[in-house]
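Structural overview for review
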Amino acid sequence: MLNEDIIDKIELRKDYVLLELERYGGIEEHAGGIYSITTKRFKEIAKVLKVGKGRYTRKGNFIKTELKPGDKVYLANPAKCEFVCKKGDKLIGICPEGLIDAVVVEDWNFCN
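Scoring rules and cut-offs
Residues numbered from 1 in each chain as written. Predicted model: local features only at pLDDT ≥ 70, side-chain atom pairs only at ≥ 80, totals over all residues. Heavy atoms only, no water. Salt bridge = Lys/Arg side-chain N within 4 Å of Asp/Glu carboxyl O. Helix = DSSP H or I, 4+ residues; strand = E, 2+ residues; numbered from the N terminus. Buried < 20%, exposed > 50% of the residue type's maximum accessible area, 1.4 Å probe, protein only. Polar contact = N/O pair within 3.5 Å; in protein donor to acceptor, adjacent residues only side chain to side chain. Contact = heavy atoms within 4.5 Å. Pairing = 2+ DSSP bridges. Axes fitted to C-alpha atoms, helices over the stretch in contact; angles between N-to-C directions.

**Comments concerning the pattern of salt bridges**
Across all of its chains, the model carries four salt bridges by this definition. Asp101 is paired through a salt bridge with Lys80; the nearest N and O atoms lie 3.1 Å apart. One end of the pair, Asp101, is in the loop between strand S7 (90–96) and strand S8 (102–104); the other, Lys80, is in the loop between strand S5 (72–74) and strand S6 (82–87), and 21 residues separate them in sequence. Of the residues examined, Asp101 reaches a relative accessible area of 39% and is grouped as partly exposed. Lys80 gets classed as partly exposed once you look at its relative accessible area, which sits at 30%.

Shown next, in the form of structure tokens:
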């Protein structure tokens, strides 16, 4: 697990995205710093903190990362992320841009 202070020093490679995810309750830390993850424990909306520059396809074409810091994104399954550190009641996770299901363009409530 990384320390919260190192987040500003992280430079992401390829199309990876650093996300801030909120939990419905408190965060449980288990042996070895591994978090018990289920989709019902985490909110589906995450905030983008940092993004990588993009990635190359097999044919050599460059695809720029479309997300930008500050974007809100929807993850149908937040367990797709690899969690790198805890920041208060939130977790910081990393995943490729392709695993993000949607960008939230305005505030809305899924349940109401």
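Text resumes after the structure shown.
**With respect to the environment of Val105**
Looking at where Val105 falls in the secondary structure, it is placed in the segment after S8. Separated by 32 residues in the primary sequence, Val105 and Val73 place their C-alpha atoms 8.6 Å from one another.

**Details of the side chain of Lys50**
With respect to the helices and strands, the residue Lys50 is situated in strand S2 (residues 42–51). Engagement of the side chain of Lys50 in a polar contact is seen with the backbone oxygen of Ile10, the distance being 2.8 Å. Those residues within four positions of Lys50 in sequence are excluded, and the remaining contacts are Ile7, Asp8, Lys9, Ile10, Leu12, Tyr16, Val17, Leu18 and Pro69.

**Things to note about the sheet that holds S7**
As summarised here, the arrangement of the six strands in space is S6-S7-S1-S2-S5-S8, forming an open sheet in which the pairing is antiparallel. In this open sheet, the two edge strands, each paired with only one partner strand, are S6 and S8. Within this sheet the neighbouring strands show an average axis-to-axis angle of 35°, counted without direction. The sheet contact formed by strand S1 (residues 16–23) and S2 spans six bridges and is antiparallel. Among the inter-strand pairings, Val17 is bridged to a residue of S2, identified as Val51.

Bear in mind that shape data such as this cannot, by itself, settle questions of function.
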